[in-house]
Amino acid sequence: MKAQFITLDGIDGAGKSTNLAVMRQWFETRGLPVLFTREPGGTAVGEALRELLLNPATQVSLRTETLMMFAARQQHLEDVILPALAAGTNVVSDRFTDATFAYQGGGRGVPLADIEILENWVQQGVQPDLTLLLDVPLAVSMARIAGAREKDRFEQEQADFFTRVRDVYLQRAAAAPQRYAVIDSNRSLDEVKSSIEQVLSRHFGC
Ligand code: TMP
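Predicted model, so just to flag it, every value in this text is computed and none were measured. Here, residues in each chain are numbered from 1, in the same order as that chain's written sequence. Only residues with pLDDT of at least 70 are given local features in this predicted model, and only at 80 or more are side-chain atom pairs given and counted; all residues enter the totals for whole chains, interfaces and linings. Only hydrogens and water are set aside when side-chain values are computed; all heavy atoms of the structure are taken into account.

Here we take up the environment of Val 110. Under the DSSP-based scheme used, a helix requires at least four consecutive residues in state H or I and a strand at least two consecutive residues in state E, with every element numbered from the N terminus. Looking at where Val 110 falls in the secondary structure, it is placed in the loop between α4 (97–107) and α5 (112–123). Taking C-alpha positions, Val 110 is 17 Å from Ile 11, a pair spaced 99 residues apart along the chain. If sequence neighbours within four positions are ignored, Val 110 has contacts with Leu 62, Thr 66, Gln 104, Gly 105 and Ile 115. Contacts: residue pairs with any heavy atoms within 4.5 Å of one another.

Now for the site of the ligand. By convention in this text, a residue qualifies as near a molecule or strand provided that one of its non-hydrogen atoms is within 4 Å of it. Around the ligand sit 14 residues, and of these Asp 12, Arg 95, Thr 100, Tyr 103 and Gln 104 come closest. Here an oxygen atom of the ligand sits 2.7 Å away from a polar atom, N or O, in the side chain of Arg 95. N or O atoms within 3.5 Å of each other form a polar contact, as long as, within protein, one can give a hydrogen and the other can take it, and as long as residues adjacent in sequence are counted only when both atoms are side-chain atoms. Between the ligand and the protein, one listed contact pairs a nitrogen atom with a side-chain N or O atom of Gln 104 at 2.8 Å. Contact with the protein chains covers 93% of the free accessible surface of the ligand, which is 480 Å². The definitions used throughout rest on a 1 Å grid laid over the protein atoms alone, on which a cavity is an enclosed set of points accommodating a 1.4 Å probe that cannot get out and a pocket is an open set flanked by protein within 12 Å on both sides along at least five of seven lines; lining residues are those having an atom within 4 Å of a point. Pocket occupancy is defined atom-wise: a molecule lies in a cavity or pocket when more than half of its atoms are within 2 Å of its grid points. Taking a 2 Å distance to the grid points as the criterion, the majority of the atoms of the ligand fall inside the largest pocket. The dominant element in the shell around the ligand, judged by the number of residues it contributes, is α4, at 4 residues. Polar here means any residue outside two lists: the nonpolar Ala, Val, Leu, Ile, Met, Phe, Trp, Tyr, Cys and Pro, and the charged Asp, Glu, Lys and Arg; Gly therefore counts as polar. Within the shell around the ligand, the residues separate by chemical class into 6 nonpolar, 2 polar and 6 charged. Every accessible area reported is derived by Shrake-Rupley at a probe size of 1.4 Å, with residue values counting cover from the shown protein chains alone.

Each pocket or cavity is described by its volume, and for the largest pocket that value is around 630 Å³. Lining of the largest pocket is provided by 30 residues; of these, Asp 12, Lys 16, Arg 95, Asp 152 and Glu 155 occupy positions nearest its centre. Elements with a minimum of two residues in the lining of the largest pocket: α1 (16–30), α2 (44–54), α3 (62–86), α4 and α6 (138–146). Partitioned by chemical class, the residues of the lining of the largest pocket number 12 nonpolar, 6 polar and 12 charged. Grid points are joined across faces, edges and corners, and a volume is the space filled by probe spheres set on the points.

Stacked, edge-to-face and tilted labels apply to pairs of Phe, Tyr and Trp rings (six-membered ring for Trp) whose centres lie within 6.5 Å, assigned for plane angles under 30 degrees, over 60, and everything in between, in that order. Throughout the structure, instances matching the rule amount to 10 aromatic pairs. Pairing Phe 27 with Phe 36 gives two aromatic rings, centres 6.2 Å apart and planes at 85 degrees, and the pair type is edge-to-face. The burial state of Phe 27 is the same as that of Phe 36; both residues are buried. An angle of 85 degrees between the planes, with centres 5.8 Å apart, marks the rings of Tyr 103 and Phe 154 as edge-to-face. Here Phe 154 lies in the loop between α6 and α7 (159–175) and Tyr 103 lies in helix α4, a separation of 51 residues in the sequence. Considered together, Tyr 103 and Phe 154 belong to a single accessibility category, that of buried residues. Three or more aromatic residues joined by ring pairs form one cluster here, namely Tyr 103, Phe 154, Phe 161, Phe 162 and Tyr 169. Charge-over-ring contacts are defined here by two conditions on Lys NZ or Arg CZ: a distance within 6 Å of the ring centre and an angle within 35 degrees of the ring normal. Over the face of the ring belonging to Phe 70 we find Arg 73, whose NZ or CZ atom lies 4.8 Å from the ring centre. Stacked on the ring of Phe 154, the Lys or Arg Arg 153 has its end atom at 5.1 Å from the ring centre. In this scheme, a residue with accessible area under 20% of its type's maximum is buried, one over 50% is exposed, and one in between is partly exposed, where area comes from a 1.4 Å probe on protein chains only.

Take a look at the structure:
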């Protein structure tokens, strides 16, 4: 099996951090080569863009914000993701283009067709082999964010923003069920962990 490109996504407060650790352990246990990375980020310029994008003081237009996400992604693909896959290393990215459709498209209202144009230009057909979408009801997400440290520029958005973000994630997953595994993250840590392990085991056949 060729090296797999796997992404983990979902609204803020869906429990990505905890479940990234579950994924890391799953790969380690099986001795499979894997690189964990994140978006926006993953390269020096990507991390610099991330700082700007998450800083509540940053003022940017919707198009600029969208282009910054794709600028980070372009460098990430060229410098990190594609070389790792070519070398036979599986890649797990904490967020990818689904987040742009959900946040800039659903949340902010950038036309999805415009995002598709950038997706095609930047990715040249590269798509994740598998996307794990962590899903929680809005109230759970909002409660988790409320308990967090200082809120970043996205976490400061209101419930209706996250409702639109979640809707786009779920619509995308429903439209391409062969790529997405939607994981109900509003359960005990053990239940979510075992769902994630099952999805990975089914995908890799081990
Ligand atoms: P996180 O890594 O802690 O989830 O923070 C990243 C934030 O950036 C999160 O609120 C989602 C947002 N984001 C977008 O709005 N568009 C994107 O394309 C990506 C990758 C992230």
